Amino acid sequence: MKVPQFIKITIENPKNRKLLKDFLMLVVASVAFHFLYWNTDMNSWLFGPFTDDVFDFFTLIAYEGSKILMTTFSNLDFVCDNSSFYFMQPNEQGHLQCYAIMQVVHDCSAIKQIMQFLLLIVLCSGKWWKKTIYFIGASLVIVLSNIVRIYFLTDLFGHDPSQFQYYHDWVARPIMYVVIFALWAVWIQFFAYSKPKDDTPQDKRSLPLSDRPTED
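Residues numbered from 1 in each chain as written. Predicted model: local features only at pLDDT ≥ 70, side-chain atom pairs only at ≥ 80, totals over all residues. Heavy atoms only, no water.

Describing the overall build of the chain
Here's step 1: On a plain count of helices and strands, the chain comes out with seven helices and three strands.
Here's step 2: Each helix and strand of the chain, placed in order from N terminus to C terminus, yields the pattern α-α-α-α-β-β-β-α-α-α.
Here's step 3: Taking contacts inside the chain between residues at least 6 apart in sequence as the whole, the part at least 24 apart equals 60%.
Here's step 4: Total accessible area on the chain is roughly 14,800 Å²; 63% of this is exposed by carbon and sulfur atoms. (Helix = DSSP H or I, 4+ residues; strand = E, 2+ residues; numbered from the N terminus. Contact = heavy atoms within 4.5 Å. Areas by Shrake-Rupley, 256 points an atom, 1.4 Å probe, with all protein chains shown as cover.)

Examining the sheet that holds strand β2 (residues 84–90)
Here's step 1: Read across the sheet, three strands follow the order β1-β2-β3 without closing on themselves; strand pairing throughout is antiparallel. Unpaired on one side and paired on the other, β1 (78–81) and β3 (96–103) mark the two borders of the sheet. Here the strands of the sheet are splayed against their neighbours by 25° on average, with no regard to which way each runs.
Here's step 2: Bridging between β1 and β2 involves four bridges; their strand directions are antiparallel. Its bridge partner being in β2, F78 is matched across the sheet by F87.
Here's step 3: Running over the sheet, helix α4 (residues 51–73) touches β1 and β2 and is turned about 25° from β2.
Here's step 4: Running over the sheet, helix α6 (residues 128–159) touches β2 and β3 and is turned about 145° from β3. (Pairing = 2+ DSSP bridges. Axes fitted to C-alpha atoms, helices over the stretch in contact; angles between N-to-C directions.)

Focus on the pattern of salt bridges
Here's step 1: What the rule picks out here adds up to two salt bridges.
Here's step 2: For E64, the salt bridge goes to K67, with nearest N and O atoms at 3.4 Å. With E64 and K67 both in helix α4 and three residues apart, this pair spans about one turn of that helix.
Here's step 3: With relative accessibility at 23%, the residue K67 sits in the partly exposed group.
Here's step 4: A salt bridge links D169 to R173; the nearest nitrogen and oxygen atoms lie 3.8 Å apart. (Salt bridge = Lys/Arg side-chain N within 4 Å of Asp/Glu carboxyl O. Buried < 20%, exposed > 50% of the residue type's maximum accessible area, 1.4 Å probe, protein only.)

A closer look at the environment of G65
Here's step 1: By the element assignment, G65 lies in helix α4.
Here's step 2: Placed 83 residues apart in sequence, G65 and V148 show a C-alpha to C-alpha distance of 8.1 Å.

Things to note about the packing of aromatic side chains
Here's step 1: In the structure shown here, the tally under the stated rule is 17 aromatic pairs.
Here's step 2: Ring geometry for F47 versus F55: centroids 6.3 Å apart, planes at 90°, classification edge-to-face.
Here's step 3: Centre to centre, the rings of F117 and Y134 are 6.1 Å apart; their planes meet at 40°, and the pair counts as tilted. A residue pair is termed long-range when its members are at least 10 positions apart, and F117 in helix α5 (residues 111–123) and Y134 in helix α6 qualify at 17 residues. Like Y134, F117 is buried.
Here's step 4: One residue, K18, lies across the ring of Y193, its end atom 4.3 Å from the ring centre.
Here's step 5: Over the ring of W128 we find K131, and its NZ or CZ is 4.1 Å from the ring centre. (Phe/Tyr/Trp six-rings, centres within 6.5 Å; stacked < 30°, edge-to-face > 60°. Lys NZ or Arg CZ within 6 Å of the ring centre and 35° of its normal.)

In short, shape yes, function no, at least from these values alone.
The structure is reproduced here in structure tokens:
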């Protein structure tokens, strides 16, 4: 089968057309969102006078969550204060001194990812009550994923600060987009459209007597 013919057959399939439309919507909406986020004061016109409070709240969640994970799983010596991790090591005299500081800032709050997913879910097909419930659950997934992301970055920073920027930009940041894509894919696959009713066979009790199977 030639490639153009394969593409034609693929596009002519109603399921594939619907999936293609949804995927194009995902791409366009994501590009538009990032353009507005980077080129406008989106946070202010979304949250108004409560902008700092909203970001402080979600930043605190990210900080406290990552602190719990660091305390539980990390083998580093550190002190926490004011949304920051102060990593300690013994100096030549044997006293602990700080060698690196990692601060959880507003950009680590996952607000941007939550707003991006909100735009996607608003534009997707589906019933609004389902969208509302799914958005709340998806927001929790995004927040928890962000906490794990901050934990791994914090632990990495404590072990090797020189590697932090690379893993922050090229590993940890893309992971959040993978989470958003996965949440979108689950919505499209299982919740966006009503499932067609199965053509179940009729119960034999509803069949005419002449059509009922007979026993030998």
